[in-house]
Amino acid sequence: FVLVNSQKAMAVSKSFLVSSKLETLLSNPNDPSSSPAPLIRIPTCPMNNNGSRRGLIQRARCEISASKAASISALEQLKTSAIDRYTKERSSIVVIGLNIHTAPVEMREKLAIPEADWPRAITELCNLNHIEEAAVLSTCNRMEIYVLALSQHRGVKEVTEWMSKTSGIPVSDLCHHRLVMYDKDVTQHLFQVSAGLDSLVLGEGQILAQVKQVVNLGQGVNGFGRHISGLFKKAITAGKRARTETNIAAGAVSVSSAAVELALMKLPAHATSSSARMLVVGAGKMGKLVIKHLVAKGCTKMVVVNRSEERVEAIRREMMPSGVEIVYKPFDEMLACAGEADVVFTSTASESPLFLKEHVESLPPVADGRLFVDISVPRNVGSCVGELDNARVYNVDDLKEVVAANKEERTKKAMEAQGIIEEESKQFEAWRDSLETVPTIKKLREYCERTRAGLVERFMSKHGDGMDKKTRKAVEDLTRSVVNKILHGPMQHLRCDGSDSRTLKETLENMQALNRMYGLDVELLEDKIRAKVEQK
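Now for a look at the structure at hand. (Residues numbered from 1 in each chain as written. Predicted model: local features only at pLDDT ≥ 70, side-chain atom pairs only at ≥ 80, totals over all residues. Heavy atoms only, no water.)

Here we come to the packing of helix α15 (residues 285–296) against helix α16 (residues 309–319). The contact between α15 and α16 brings their axes to 11 Å, and the two run at 35 degrees. In the crossing of α15 with α16, the sense of the turn from one axis to the other is right-handed. Contacts between α15 and α16 involve K288, I291, K292 and V295 from the first element and I315, E318 and M319 from the second. A breakdown of the residues in the contact of α15 with α16 according to their chemical character gives four nonpolar, no polar and three charged. (Axes fitted to C-alpha atoms, helices over the stretch in contact; angles between N-to-C directions. Helix = DSSP H or I, 4+ residues; strand = E, 2+ residues; numbered from the N terminus. Left-handed = near helix turned anticlockwise from the far one by under 90°. Contact = heavy atoms within 4.5 Å. Nonpolar A, V, L, I, M, F, W, Y, C, P; charged D, E, K, R; others polar.)

In structure tokens form, the structure reads like this:
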């Protein structure tokens, strides 16, 4: 690792110069020349006269030159090295992304990841050197990546570069528009997102279903680990509580209903919801909601273009007996249907535009221009269509004037919901803090068991001749019992359910003290790096 100055570097070079090896190991896990075994090793010190080691200080001191040993302790050497940063700084939960508040749809659509590709994205993200766990939340209003990072700075850098590579957006542009948060701020942000407090439509309910989908698709994916899955599961709880205990969703419009409201606002004065010719392209979740809202606004006939008729038929059955005529048309008739429509709603998962300038300019003109309302991300209607005189194009970023209605009342309820967010956030952070002691508990038990087994083996080699199996078992049982008795106190002070902040603080201090006393920091770091290499 990099040290503070050259004199100290010379003193401990053999003990701590492992940084470049680790970087090589992470970059080339299959290269035998880059795989030391074990991964990190501070040289073992010889026994002192009492046959015992004095922990991390003595272990490190072996490689310190005689001229420096008197003035610079090995522990001080450790504190000046990067290993101390990696062992004292726990992994951070980080969110990096773009949303409707930070970036335009033109940029968000390039980053959008279809639900079916979320597991693949998790795998790719966890193959980055400093990312342990990951999740993707990609909707029409946001594309956010949540990760557990070994290093905040390196994690953000690697994820940003991955986003640039997958989207084609320069890193500089991403940095200008991206949202970056860490740890407690991430918890607050995701819980607010789940509760609908960060949505364009304050209190809208669809985002909670999308957060649930992150958990559903993440199950069984290597990389959707304990911390990130726990964060999203708690976010679902927070979102549910915010809605049921504050009724914030009452009066809120969804993106689909806002799209219908916008279309009706933009209709010519002589046109109505029942007289205007409506075309809906896409019969998925959003398309279905658009159809429902059109029916609620008095529309009695519409054409629905979809790849299969089954979904449209299912919507028809659900609408019966509403007296609404829903006409199915296949995708190859989409342009012909658009030529007969006054209003075109698009909501498909297509990654490329369905309507371009050359498609629309050849359509028969309509009074005041044909209206395109595109609620897809990536967009289904190319921005070039808006250049035509006979077309008016709106996308999800144009819905703000509609969602402003009833916002004052929902803002009051949002303040109530924020109290729930705070409460749930504290519970999650306490649970996460309590997980910190688990590796120390495991390592301390392993350390004591190694010590016990070694001493028993030494005793047996000297005094075990002629000892029967029953006596040998008694010695094993007795020594294990002694170790368990000695460990009982430390283990009690390492366990905490996270419900008492004072106890939790003391527990973490106890953990750090035991890590120092028994030199467990380095072994914990070895395990973390080894797990990362195995993951790659």
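With that settled, the discussion passes to the sheet that holds strand β10 (residues 391–395). Strands in a sheet are paired, the pairing made by backbone hydrogen bonds, and the direction either parallel or antiparallel. Spatially, β7-β6-β5-β8-β9-β10 is the arrangement adopted by the six strands of the open sheet, whose pairing is parallel. Both edges of this open sheet fall to β7 (325–329) and β10, since each of them pairs with a single strand only. Strand after strand, the sheet turns through a mean of 20 degrees between neighbouring axes, direction not considered. Examined bridge by bridge, strand β9 (residues 370–374) and β10 share five bridges and lie parallel to one another. In the sheet register, R370 faces β10, and the bridge partner there is A391. The sheet strands contacting α15 are β5 (278–281), β6 (301–305), β7 and β8 (343–346), and the helix crosses β5 at an angle near 160 degrees. (Pairing = 2+ DSSP bridges.)

Right, let's talk about unusual backbone geometry for a bit. In this chain, V377 is followed by P378 through a cis amide linkage whose omega measures 0 degrees. One can find P378 in the loop between β9 and β10. Within the chain, D368 stands out as a residue other than glycine whose phi angle is a positive 65 degrees. Considering the arrangement of structural elements, one finds D368 in the loop between α18 (357–360) and β9.

Another aspect to go through is the packing of helix α14 (residues 255–266) against α15. As a packed pair, α14 and α15 sit with axes 8 Å apart at the nearest point and diverge in direction by 50 degrees. With respect to their mutual orientation, α14 and α15 come out oblique. Judged by the sense of rotation from one axis to the other, the crossing of α14 with α15 is right-handed. Between α14 and α15, the contacting residues are V255, S256, S257 and V260 on the first element and M286, L289, V290, H293 and L294 on the second. (Parallel < 35°, antiparallel > 145°, perpendicular 65-115°, else oblique.)

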